[in-house]
Amino acid sequence: MTNFPNTRLRRLRGSESIRKLIQETYISPVDFIYPIFVTHGNNIKEEITSMPGCYRFSLDMLPNEITDIAELDISGVLLFGIPSKKDKLGSEAYNEHGIIQQAIQVIKQTNQKLIVVTDVCLCEYTDHGHCGITKGSEIKNDATLKILAKVALSHANAGADIVAPSAMMDGQVKVIRKKLDENGYEEFPIMSYSAKYASTFYGPFRDAADSRPQIGDRLSYQMDPANSNQALLEVTADISEGADIIMVKPALSYMDIISKVRSKTLHPLAVYNVSGEYSIIKAAAKNGWIDEDKMIMEILTSIKRAGADIIITYHAKEAARLLRK
Ligand code: PBG
C-alpha cells in the first residue's frame, strides 16, 4: 500500500493549508474541565507551590475566577475542597454547609452554564488521608460506600451537575446511583474515575489538597501501573453499575489505556491530565528548557487523539487562551 515512489506521504505536508486540510484531531476549550481548589477563609488566592499558576481560592474570590473560566468557553470545573477539620470518617465531606457544598452554590450564583463536577472521595477529609474508612491498616470497602453515597447526595442537593467518585472502592458507582435515584436524582450523571492508577504523578495534588496518606499507600485500592486488562474490568464494572462517563487517570503514561478503553467501550471518556504531569511542564518551562505553549498543545492534542472526549487539565485556561490566538 505504501509503495514508494507512488506513495509519497510528504505530498500532503508541503504547506500549512494542506496540513490543516488533513488534520485529524482538534482540541477546543469545550473539551476541557478545569480543576479548582477551594478553601475556607477570606480574601485567599494562594498559589500552590508545586503547581505554579494554580491556586487555592476562598469562596469570596471564586466569582472572579469563575467568570474568567466561563469567558474562555471552558466547559466546566472540577471541585476539590480543603475542609476546616478532618476526622476518622471524613464527615466534613457530606456536611451540607461544607466547603464544597458552599462553593457549588457560589459558582451557580455566578454562572448557570458552567458545569460543576465534584470529586467524591474522602482523602481530603479524613485525618489519616486515605480515600476510605480504615480499620487498623486496612481500608474498608463496604463501610466507605455508605459515606461516599452520602457525599454524592450532598453535592447533588447543593446544586452540582455531575458527581465524580474517585475513591476506587468496589461498588461505589452502584451505591451512588442508588442513593441519587432514591432521592429523585434519576437524571443526575455520574462521571466515574474508573481506571485510576496508584500514580506518583499525584504528588503535587496531595500538597495542594493536603490529602497525603499518613500511613501506608493507596496500592490496595488504586490500580497497579503495570496492569492494562484490569482497566477494562474496572470500566466494565462501572458501566454496569450505571456510570455515564468513564475516566482514565493519569493521562501521559497511560495513552495505551486511553486507546484501549476507547476501542472497547462506547461511553464518553474523560481523561485526567494530573498534577505531576502539569508540574513537570512548569518546572522545565521555568528553566527555559522547553517551548511551554507548544508543549501544552502537543500534550492536549495527543490525549484527544488517543481517544479522550473530555480532558480534565490544569492547563485548561492557558490552552483556551492559546487556542484563541
Ligand atoms: C482524590 C483525588 C486525587 C486526585 C484526584 N482526586 C488524589 C489521589 O488519589 O491521591 C489526583 C489529581 C491530580 O494529581 O491532579 N482521591
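Our structure is the block above this text.
Summarised in this report is the structure supplied together with it. (Residues numbered from 1 in each chain as written. Predicted model: local features only at pLDDT ≥ 70, side-chain atom pairs only at ≥ 80, totals over all residues. Heavy atoms only, no water.)

### Notes on the pattern of salt bridges
Tallying each qualifying case throughout the model produces 18 salt bridges. A salt bridge links Glu292 to Lys282, with the shortest nitrogen-to-oxygen separation between them at 2.5 Å. In this pair, Glu292 sits in helix 10 (residues 292-306) while Lys282 sits in helix 9 (residues 275-286), placing the two residues 10 residues apart along the sequence. By the burial criterion, Glu292 is buried, and Lys282 matches it. With a closest N to O distance of 2.8 Å, Glu318 and Lys282 form a salt bridge. Taken together, the residues span a long stretch of sequence, with Glu318 in helix 11 (residues 316-324) and Lys282 in helix 9 at a distance of 36 residues. A relative accessible area of 21% places Glu318 in the partly exposed class. (Salt bridge = Lys/Arg side-chain N within 4 Å of Asp/Glu carboxyl O. Helix = DSSP H or I, 4+ residues; strand = E, 2+ residues; numbered from the N terminus. Buried < 20%, exposed > 50% of the residue type's maximum accessible area, 1.4 Å probe, protein only.)

### Notes on the site of the ligand
Lining the immediate surroundings of the ligand are 19 residues, of which Lys196, Arg206, Lys249, Ser275 and Tyr314 lie closest. The side chain of Lys249 places a nitrogen or oxygen atom 3.4 Å from a nitrogen atom of the ligand. Relative to its unbound accessible surface of 400 Å², the ligand loses 100% to contact with the protein. In a pocket analysis with a 2 Å cut-off to the grid points, the ligand is assigned to the largest cavity. When contributions to the shell around the ligand are tallied by element, the ones reaching two or more residues are strand 9 (191-196) and helix 6 (203-209). The residue makeup of the shell around the ligand, split by class, is 11 nonpolar, three polar and five charged. (Near = heavy atom within 4 Å. Polar contact = N/O pair within 3.5 Å; in protein donor to acceptor, adjacent residues only side chain to side chain. Areas by Shrake-Rupley, 256 points an atom, 1.4 Å probe, with all protein chains shown as cover. 1 Å grid on protein atoms, 1.4 Å probe; cavity = no way out; pocket = protein on both sides within 12 Å on 5 of 7 lines; lining within 4 Å. Sits in = over half its atoms within 2 Å of the grid points. Nonpolar A, V, L, I, M, F, W, Y, C, P; charged D, E, K, R; others polar.)

### Section: helix 10
The terminal C-alpha atoms of helix 10 lie 21 Å apart, and with 15 residues this matches the ideal 21 Å at 1.5 Å per residue to within 8%. When helix 10 is considered as a whole, its buried residues turn out to be Glu292, Ile296, Met297, Ile299, Leu300, Ser302, Ile303 and Ala306. In this structure, the buried residues of helix 10 make contact with strand 1 (32-39), helix 8 (255-264), strand 11 (269-273), helix 9, strand 12 (310-313) and helix 11. One or two steps after helix 10, the chain reaches Gly307, where phi turns positive at roughly 135°. (Expected span 1.5 Å × (residues − 1). Contact = heavy atoms within 4.5 Å.)

### Considerations on the pairing of strand 2 (residues 45-48)
Of the pairings in the sheet, the one linking strand 2 to strand 3 (residues 51-58) comprises four bridges and is antiparallel in character. Across the sheet, Glu47 pairs through a bridge with Tyr55, a residue of strand 3. Two successive antiparallel strands, strand 2 and strand 3, enclose a turn made up of two residues. (Pairing = 2+ DSSP bridges.)

### Some words on the packing of aromatic side chains
By the definition in use, this model includes 10 aromatic pairs. Ring geometry for Tyr185 and Phe188: centres 5.9 Å apart, planes at 75°, overall edge-to-face. Given the relative accessible area of 22%, Tyr185 is considered partly exposed. Among the aromatic residues, ring-to-ring pairing joins Phe37, Phe80, Tyr193, Phe205, Tyr272, Tyr278 and Tyr314 into one connected group. Between Lys249 and the ring centre of Tyr272, over which it is positioned, the NZ or CZ distance is 4.7 Å. (Phe/Tyr/Trp six-rings, centres within 6.5 Å; stacked < 30°, edge-to-face > 60°. Lys NZ or Arg CZ within 6 Å of the ring centre and 35° of its normal.)

### Overview of the layout of surface pockets
Looking at the largest pocket, its volume works out to about 470 Å³. Taken together, 15 residues form the lining of the largest pocket, with Arg19, Gln23, Thr25, Tyr26 and Thr301 sitting closest to its centre. Residue assignment for the lining of the largest pocket shows that the elements contributing at least two residues are helix 1 (16-21) and helix 10. Here the lining of the largest pocket is composed, by residue class, of six nonpolar, three polar and six charged. (Points joined across faces, edges and corners; volume = space filled by probe spheres on them.)

### Concerning the nonpolar core
If you look at the biggest cluster of nonpolar residues, it comprises 105 residues, and the most contacted ones within it are Phe37, Leu62 and Met191. Sorting elements by how many residues they give to this core places helix 4 (residues 141-158) first, with seven residues. In contact with Met191, other than residues within four places in its own chain, are Ile33, Val117, Ile162, Val163, Ala164, Pro165, Ile245, Met247, Ala270, Ile310 and Ile312. (Core = buried A, V, L, I, M, F, W, Y, C linked by side-chain atoms within 4.5 Å.)

### Examining the pairing of strand 4 (residues 76-82)
Burial analysis of strand 4 places seven of its seven residues in the buried class, the great majority of the element. Alternating positions in strand 4 separate into two faces, Gly76, Leu78, Phe80 and Ile82 on one and Val77, Leu79 and Gly81 on the other, with burial throughout. When strand 1 meets strand 4, the two strands line up parallel, connected through seven bridges. Note that in strand 4 the partner of Thr39 across the bridge is Ile82. As paired strands, strand 4 and strand 5 (residues 115-120) are joined by four bridges and run parallel to one another. Note on strand 5: the bridge partner recorded for Gly76 is Ile115.

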